[in-house]
Amino acid sequence: MPHAIVVGGGVGGLTVTAALHRKGWTVTLYERAASLEPVGSGLALGPNALRALDTIDAGDAMRKLAAFQGEGGLRSWKGGWLNRTTAETAAARYGDPTVVSLRSALVDVLLDRVPPDSLRLGAEVESVDPETGEVVTAGGAERADLVVAADGINSRIRAALFPGHPAPRSVGLTAWRFLTPAVPDPRPTETWGRGRVFGVMPIADGEIYCYATAPAVPGTTVPDEKAELDRLFGDWHDPIPALVANADPARVLRNDIHDMAEPLPSYHRGRVALLGDAAHPMTPNLGQGACQAIEDAVVLAHEVTDGGGLPAYTAARLPRTTGIVRRSHNLARLSGLSAPPLAALRDTAIRAANLLGPGALLKQADSLFMWQPPRA
C-alpha cells in the first residue's frame, strides 16, 4: 500500500489527505500546531471547489450551508449598483451555488473524512529529501512514496526545493476579516471605493462574514483595528457602518496580502509535490485561494493513483493556477484604484457592462467555475 506524508493541516492538506486515503493510500499528516484551529473566520467555495469536494463525498455537506439568496453584486461606496445579479442566476449558469461558510465548518467536514490515526499534531517537519522522500521531525525520520507540501504561503519546503525563486511579494494591501450578527435584508455585496473594498457575505446561522482591504505599508498595525475600520468605512453606505459597529474588536483579524509574482517552474521535484499557498499564493480578490488548494488536492490524488504521476500534476495545475494568480492580482489593482478620475472611469465602465445584461460580467467567471475534476 503506497504511503504519503502531508506537511500542513490547512484546507489543502486535509483535502489531499482525505483524497489519498479514499484512493487506498496510507497517509500521515504532520501539523506543527497543537490543534487544528482554523485560521481566519470565513471562506468562499465556488462551484469548482464544490465539484472537487464531491470526489471525496464532501460537496453536499458544504452545499447545505449555502446562504446566498436573491439579489447581490458590486456597489459603489455611496451605495449605487455597479453590477448586480441574483444567486439563482449564478447557480443556474454553473450548476451550483457559491457557498460562503465558516472556515471551521469546512475543516470539520474534512476531518470527518480523514482517519484520526493519520494526524500528527504538534509535530514540526525539519527537512524533506525530495529524492528519497525522507521526512525528518523531532521524533525521527520517515520515508514515503509521496510528500505533499501544504505548508502555506511561507513554505519552507518550497524554499528548499527552489532556493533561487523569488519569495511571495506584498501587493501593498492589508485585509481585515470578521464575523458579525446579521442585519435586516442582508445581501451578498462587494463595495468598491477609492482604493478600498468592503465585502458583505451572509452565512448560515444568521451571521455575516465581512472582509475589507485598503492600501497599507506591510507590517502596519494599530492598537484598535475595529476603530481603524470605522475610520476607513464609517461613512460608506448602509449596512457597512452598522456591521463594523457590531464587530467584536477581539475577533477582527488583519493580515497583509501577498502573491507570487513569478510562477514556480514546477509544482513538484522528486517525490515532493507543492499545493495551495505553498505553490501559488494569490490575492483574495477572486475568492479562489481555498478553491484552488482543493482543486490541487483532488488532481494530485488522481494523478499519482490513476494518471501520469507528478509531471502530469504539474502539467494540469501550473497553467491554470498561474492564470488565476494573475487575474486575481489584476483585480486587486483595479479595485485598489485610488485616484478619483481613474476610480470614476472604472465605475463607469462596470456600469456600462452591466447594461449588456445581468450575465455579461458573470461570464467572466466561466473559466473559474466551469472547471471539472478528473475522472478515473
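See the structure shown above.
Attention in this report is confined to the structure presented alongside it. Keep in mind that what you see is a predicted model, and the values were worked out from it rather than measured.

## Remarks on the sheet that holds strand E7 (residues 119-121)
Turning to step 1, where the next piece is worked out: Strand order in the open sheet formed by six strands is E7-E2-E1-E11-E18-E17, and the pairing between neighbours is mixed. At either end of the open sheet lies a strand with only one pairing partner, and these are E7 and strand E17 (268-269).
Turning to step 2, where the next piece is worked out: In terms of strand pairing, strand E1 (residues 3-7) meets strand E2 (residues 26-31) through five bridges, oriented parallel. Of the residues in E2, the one forming a bridge with Val7 is Tyr30.

## A look at the side chain of His280
Turning to step 1, where the next piece is worked out: Inspection of the secondary structure assignment puts His280 in the loop between strand E18 (272-274) and helix H9 (289-305).
Turning to step 2, where the next piece is worked out: At 2.6 Å, the side chain of His280 and the side chain of Asp296 are in polar contact.
Turning to step 3, where the next piece is worked out: The contact partners of His280, leaving out residues within four places of it in the chain, are Tyr267, Gln292, Asp296, Thr321 and Val325.

## With respect to the packing of H9 against helix H10 (residues 309-335)
Turning to step 1, where the next piece is worked out: With their axes 8 Å apart at the nearest point, H9 and H10 run at an angle of 160 degrees to one another. As the angle between them shows, H9 and H10 are arranged roughly antiparallel. Considering how the two elements wind past one another, H9 and H10 form a crossing that is right-handed. Residues Gln292, Glu295, Asp296, Val299, Leu300, Glu303 and Val304 of H9 form the contact with H10, whose participating residues are Gly309, Leu310, Ala312, Tyr313, Ala316, Arg317, Arg320, Thr321 and Ile324.
Turning to step 2, where the next piece is worked out: Here the contact of H9 with H10 is built from residues that sort into eight nonpolar, three polar and five charged.

## Re the pattern of salt bridges
Turning to step 1, where the next piece is worked out: If you walk through the whole model with that rule in mind, you get 17 salt bridges.
Turning to step 2, where the next piece is worked out: With a closest N to O distance of 2.6 Å, Arg169 and Asp259 form a salt bridge. Of the two residues, Arg169 is situated in strand E12 (residues 169-181) and Asp259 in strand E16 (residues 253-259); the sequence distance between them amounts to 90 residues.
Turning to step 3, where the next piece is worked out: A salt bridge links Glu295 to Arg320, with the nearest nitrogen and oxygen atoms 2.8 Å apart. A residue pair is termed long-range when its members are at least 10 positions apart, and Glu295 in helix H9 and Arg320 in helix H10 qualify at 25 residues.

## Brief notes about helix H2 (residues 47-54)
Turning to step 1, where the next piece is worked out: Buried residues dominate H2, accounting for seven of its eight residues.
Turning to step 2, where the next piece is worked out: Along H2, the residues that are buried comprise Pro47, Asn48, Ala49, Leu50, Arg51, Ala52 and Leu53.

## Some thoughts on the state of the cysteines
Turning to step 1, where the next piece is worked out: Applying the stated criterion across every chain yields a total of zero disulfides.
Turning to step 2, where the next piece is worked out: The thiol of Cys210 is unpaired, and the distance to the nearest cysteine sulfur, on Cys291, comes to 19 Å.
Turning to step 3, where the next piece is worked out: According to the relative accessible area criterion, Cys291 is buried, its value standing at 0%.

## Quick word on the sheet that holds strand E15 (residues 207-215)
The strands making up a sheet are joined through hydrogen bonds of the backbone, oriented either antiparallel or parallel.
Turning to step 1, where the next piece is worked out: If you walk across this open sheet you meet the seven strands as E5-E4-E13-E14-E15-E12-E16, and the pairing is mixed. Looking at the sheet topology across the chains shown, the edges are occupied by strand E5 (81-86) and E16. Between one strand axis and the next, the sheet turns by 15 degrees as a mean value, whatever way the strands run.
Turning to step 2, where the next piece is worked out: One ladder, built from six bridges, connects E12 with E16; its direction is antiparallel. Its bridge partner being in E16, Arg169 is matched across the sheet by Asp259.
Turning to step 3, where the next piece is worked out: Strand contacts of helix H7 (residues 225-233): E12, strand E14 (197-203), E15 and E16, with the helix running at about 100 degrees to E12, the strand carrying the most contacts.
Turning to step 4, where the next piece is worked out: Packing of helix H11 (residues 340-354) onto the sheet brings it into contact with strand E4 (71-76), E5 and strand E13 (189-192), and relative to E5 it is tilted by some 35 degrees.

## Structural notes on the pairing of E5
Each regular strand shows side chains that alternate between the opposite faces of the sheet.
Turning to step 1, where the next piece is worked out: Inspection of the sheet shows E4 paired to E5 by five bridges, in the antiparallel sense. Bridge assignment links Gly72 to a residue of E5, and that residue is Thr85.
Turning to step 2, where the next piece is worked out: From the end of E4 to the start of E5, which pair antiparallel, there are four residues, and Gly79 there has a positive phi angle of about 115 degrees.

## Here we look at the pairing of strand E8 (residues 125-129)
Turning to step 1, where the next piece is worked out: Here four bridges tie E8 to strand E9 (residues 134-137), and the two strands are oriented antiparallel to one another. Counterpart to Val128 in the pairing with E9 is Val135.
Turning to step 2, where the next piece is worked out: Between E8 and E9, which follow one another and run antiparallel, lie four residues, and Gly133 among them has a positive phi close to 75 degrees.

## Thoughts on the nonpolar core
Turning to step 1, where the next piece is worked out: Ranked by size, the top nonpolar core spans 63 residues in total, and within it Leu45, Leu53, Leu106 and Leu274 carry the most contacts.
Turning to step 2, where the next piece is worked out: Here this core takes eight residues from H9, the largest share from any one element.
Turning to step 3, where the next piece is worked out: Residue contacts for Leu45: discarding those within four places in its chain leaves Leu50, Leu53, Met62, Pro97, Thr98, Val99, Leu106, Cys291 and Ile294.
Turning to step 4, where the next piece is worked out: Of all hydrophobic cores here, the second largest spans 18 residues; its members include Ala212, Ala214, Leu229 and Leu232.

## Here we look at the side chain of Asp259
Turning to step 1, where the next piece is worked out: Under the relative-accessibility criterion, Asp259 is labelled buried at 0%.
Turning to step 2, where the next piece is worked out: A distance of 2.6 Å separates the side chain of Asp259 from the side chain of Arg169, its partner in a polar contact.
Turning to step 3, where the next piece is worked out: Looking at Asp259, its side chain comes within polar contact range of the side chain of His329, at 2.8 Å.
Turning to step 4, where the next piece is worked out: Excluding residues within four positions of it along the chain, Asp259 makes contact with Pro168, Arg169, Val171, Pro281, Met282, Thr283 and His329.

Basis of the calculations
Position labels on residues start from 1 in each chain and follow its written sequence. Where totals are concerned, whole chains, interfaces and linings use all residues; where local detail is concerned, this predicted model gives features only for residues with pLDDT of at least 70, and gives and counts side-chain atom pairs only at 80 or more. Remark: hydrogens and water are excluded; side-chain values derive from all non-hydrogen atoms of the structure. Here, any two strands with at least 2 DSSP bridges between them count as paired. In this text, helices come from DSSP runs of H or I with a minimum length of four residues, and strands from runs of E with a minimum of two, each type numbered from the N-terminal end. Throughout this description, a polar contact denotes any pair of N or O atoms lying within 3.5 Å of each other; where both atoms belong to protein, one of them has to be capable of donating a hydrogen while the other can accept it, and for residues adjacent in sequence the pair is counted only when both atoms sit in side chains. Only heavy atoms matter for contacts: two residues are in contact if any of them lie within 4.5 Å across the pair. Axes, fitted as lines to C-alpha atoms, cover a helix only where it is in contact. Angles between the N-to-C directions of the axes lie from 0 to 180 degrees. Relative orientations are named as follows: roughly parallel for angles under 35 degrees, roughly antiparallel for angles over 145 degrees, roughly perpendicular for angles from 65 to 115 degrees, and oblique for any other angle. By definition, any crossing whose near helix is turned counterclockwise from its far helix by less than a right angle is left-handed, and any crossing with a clockwise turn is right-handed. The classification used treats Ala, Val, Leu, Ile, Met, Phe, Trp, Tyr, Cys and Pro as nonpolar, Asp, Glu, Lys and Arg as charged, and all other residues, Gly among them, as polar. The rule for a salt bridge is simple: a side-chain nitrogen of Lys or Arg has to be within 4 Å of a carboxyl oxygen of Asp or Glu. Only protein chains enter the calculation, and the probe is 1.4 Å; a residue is then buried if its accessible area is under 20% of its type maximum, exposed if over 50%, and partly exposed in between. Criterion for a disulfide: a pair of cysteine sulfur atoms within 2.5 Å. Among buried residues, those of type Ala, Val, Leu, Ile, Met, Phe, Trp, Tyr and Cys that are joined through side-chain atoms within 4.5 Å constitute a nonpolar core.

It is worth stressing that arrangement in space is one thing and function is another; only the former is reported here.
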